[in-house]
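Coordinates in review
Each chain, written out:
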Amino acid sequence: MTRALPSRTYTAAEVDAAIEALQDPDRFSHAQEVVAHAAPGLQRVLNEALDLGGWFGDAHQDQLRRVAAIADPGDRLRELNTMVAEETRVGMLVGVAVGFELAHELQKRQGAAPASDQTND
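What you see is a predicted model; the values in this text were computed from it and never measured.

Overview of the nonpolar core
By size, the foremost hydrophobic cluster in this structure holds five residues: Leu46, Leu50, Val90, Val94 and Val98. When residues of this core are traced back to their parent elements, those giving at least two are helix 2 (28–52) and helix 4 (73–112). Here this core takes three residues from helix 4, the largest share from any one element. Apart from the residues lying within four places of it in its own chain, the contact partners of valine 90 are Leu50 and Trp55.

Dropping the structure here:
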């Protein structure tokens, strides 16, 4: 039987404190190992989320065609840089949302596992 976790919301101050704590480079060594292991599955989830959000459908193709058709190389490069930056931001934000939900899923599973099965590996 799984035990339901209480719904949790976060204040702006809690988020700010967590972001501050994440600036410690040592915090990322384990996270990097976990993400490297999970990368293929996370990539599928991220791609699906972006696709469902319409970020890489016809609108994306239209933008690519629009930028490719710009005659002036300087203008084309500027527009391409803008497009890449916007897509990077969207990918990052969707990735954070996926990571947030992954953390919740892991918390649920940890709360449901017998104590002898919980490790810090």
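Focus on the confidence of the model for the chain
The share of residues in the chain with pLDDT of 70 or more is 86%, and the mean pLDDT across the chain is 81. Mean pLDDT across the secondary structure elements of the chain bottoms out at helix 2, with 83, and peaks at helix 3 (residues 58–68), with 90. Contacts for the low-pLDDT stretch residues 115–121, under 50 throughout, to residues beyond four places or in other chains number three contacts.

Overview of the packing of aromatic side chains
The relative placement of two aromatic rings is captured by the distance of their centres and the angle of their planes. If you walk through the whole model with that rule in mind, you get one aromatic pair. With centroids separated by 5.7 Å and ring planes inclined at 70°, the aromatic side chains of tyrosine 10 and phenylalanine 100 adopt a geometry described as edge-to-face. Within this pair, whereas tyrosine 10 is found in the segment before helix 1 (12–22), its partner phenylalanine 100 is found in helix 4, the two being separated by 90 residues in sequence.

Conventions and cut-offs
- Residues numbered from 1 in each chain as written.
- Predicted model: local features only at pLDDT ≥ 70, side-chain atom pairs only at ≥ 80, totals over all residues.
- Heavy atoms only, no water.
- Core = buried A, V, L, I, M, F, W, Y, C linked by side-chain atoms within 4.5 Å.
- Buried < 20%, exposed > 50% of the residue type's maximum accessible area, 1.4 Å probe, protein only.
- Helix = DSSP H or I, 4+ residues; strand = E, 2+ residues; numbered from the N terminus.
- Contact = heavy atoms within 4.5 Å.
- pLDDT = per-residue confidence, 0-100.
- Phe/Tyr/Trp six-rings, centres within 6.5 Å; stacked < 30°, edge-to-face > 60°.

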